[in-house]
Amino acid sequence: MDEFDLIRRITPKETHQRSLVMGIGDDASVYQPHSHCEEVVCVDTMVEHVHFRFDFSTPFEVGFKALAVNISDIAAMGGTPKYYLVSIAIPPHGDEAIVAAFYEGMKALADRYHMDLIGGDTVATRSDFVITVTVIGEIPKGTACYRHSAQTGDVVFVTGELGSSAAGLSLLMNEVNAAHSIDTAFFLERHKMPQPHIAAGLICSSFPRVTLNDVSDGLASELNEIAEASRVTIEIEADQLPKHPHLPLLHKEWLEWVLFGGEDFVLTGTIPETDWKRFETQCKKEHIQVTRIGQVKDDRASSVILKDHDQQTILMKKGYNHFKK
């Protein structure tokens, strides 16, 4: 394929954001941020055979997920995504149809949030596809949701369900056999095309003190990050963890998926007890599932404890880690 023909093909014919001054077509893009907002920037990379396989996902689905995981990081700050940039390394087995499908998948999700593609890079590589996406968002000044503000007595919550993406991956890898009555398509879609929780994040940022993480590496890992940053102990209840009703039917070790599976891209965090009911009401009004799963207990240690009836287990910061087996 020709690099410049590819750039012409993926260049948007129209834009969504009025703050964009110059998009694709020059050495860099220019936009005018709102004076009352702060910028939120994040970047993620997906590597073929590490994060995706073409026998598991279509190029469209890969592109969709590549953007979704970044939008989820914006959601975890309580922000609104505005722009994205894409850098893609194309191997010999790549062709124009595959690359175009990547961008079509990203555009399908970007259009939902009125995001504009404003740049990136295309290069050749000798082995596998590498896709790096950068997302730029905005949040009203002083309203970002950080990890370090949890306090004793806060409610611990999660939006959406846990473990579904890990179940979908296990189905793709033929690690579990599903009965005909189980909705396997639900779990496969949750893994291949996750839905960022932007609306939930915006509600979170409207409250004065909310800690927040998106569940990318697993619930245990995300809560440990909050516990460490805030220097608190977080206690969660096993029987309160939200899950799809078919999840336990897939595998007896389904709790491992819920706690450590990751890639659910729901949000988890803490909020003061005095704000919980109003927060819950606002979420339900927007048809957002939110579940109370525990409480911040004290500020004497940075740990996460799972209560399962009379048994207590310290949850280690275990989840997906690129550099550990």
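Our structure is the block above this text.
It should be emphasised that the depicted structure is a prediction, and the values quoted were computed from it without experimental measurement. (Residues numbered from 1 in each chain as written. Predicted model: local features only at pLDDT ≥ 70, side-chain atom pairs only at ≥ 80, totals over all residues. Heavy atoms only, no water.)

A. Here's a closer look at the side chain of His-191. Inspection of the secondary structure assignment puts His-191 in helix α5 (residues 184-192). If sequence neighbours within four positions are ignored, His-191 has contacts with Lys-65, Ser-165, Gly-168, Leu-169, Leu-172 and Glu-263. (Helix = DSSP H or I, 4+ residues; strand = E, 2+ residues; numbered from the N terminus. Contact = heavy atoms within 4.5 Å.)

B. Fine view of the environment of Ser-165. Here Ser-165 is to be found in helix α4 (residues 164-172). The buried category is assigned to Ser-165, whose relative accessible area is 1%. Along the primary structure Ser-165 and Phe-187 are separated by 22 residues, whereas in three dimensions their C-alpha atoms are 6.1 Å apart. Dropping the residues within four chain positions of it, Ser-165 is found in contact with Arg-190, His-191, Gly-262, Glu-263 and Asp-264. (Buried < 20%, exposed > 50% of the residue type's maximum accessible area, 1.4 Å probe, protein only.)

C. Quick peek at the sheet that holds strand β4 (residues 80-90). The strand order across the open sheet formed by four strands is β3-β6-β4-β5, and the pairing between neighbours is mixed. Every interior strand has two partners, whereas the edge strands, β3 (37-47) and β5 (116-124), have only one. Direction aside, the axes of adjacent strands within the sheet are offset by 15° on average. Both β4 and strand β6 (residues 130-140) contribute to a ladder of nine bridges, which runs antiparallel. Its bridge partner lying in β6, Pro-81 is registered against Gly-137. Running at roughly 145° to β3, helix α2 (residues 59-75) makes contact with β3, β4 and β6 of the sheet. (Pairing = 2+ DSSP bridges. Axes fitted to C-alpha atoms, helices over the stretch in contact; angles between N-to-C directions.)

D. The arrangement of helix α10 (residues 273-285) in detail. In a regular helix each residue adds 1.5 Å, so 13 residues correspond to 18 Å; α10 covers 19 Å between its end C-alpha atoms and thus fits that length. Just downstream of α10 lies His-287, where phi reads positive at about 60°. (Expected span 1.5 Å × (residues − 1).)

E. View of the packing of aromatic side chains. Tallied over the full model, the rule gives nine aromatic pairs. When the centroid spacing of 5.8 Å and the interplanar angle of 85° are considered together, the rings of Phe-54 and Phe-129 count as edge-to-face. Separated by 75 residues along the polypeptide, Phe-54 in the loop between β3 and α2 and Phe-129 in the loop between β5 and β6 bring together distant segments of the chain. The class for Phe-129 is buried, based on a relative accessible area of 0%. Their ring planes at 85° and their centres at 5.3 Å tell us that Phe-186 and Phe-187 sit as a pair that is edge-to-face. Phe-186 gets classed as buried once you look at its relative accessible area, which sits at 16%. (Phe/Tyr/Trp six-rings, centres within 6.5 Å; stacked < 30°, edge-to-face > 60°.)

F. Summary view of the nonpolar core. Counting 52 residues, the largest nonpolar core has Leu-67, Tyr-84, Phe-102, Ile-131, Val-133, Phe-157 and Phe-279 as the members making the most contacts within it. A total of eight residues in this core trace back to one element, the largest contributor, which is α2. Ignoring anything within four residues of it in the chain, the contact list for Ile-131 reads Asp-44, Thr-45, Met-46, Phe-52, Val-62, Ala-66, Val-86, Ser-87, Ile-88 and Phe-102. Grouped together as the second largest cluster of nonpolar side chains are 35 residues, Ile-236, Leu-250, Ile-293 and Val-304 included. (Core = buried A, V, L, I, M, F, W, Y, C linked by side-chain atoms within 4.5 Å.)

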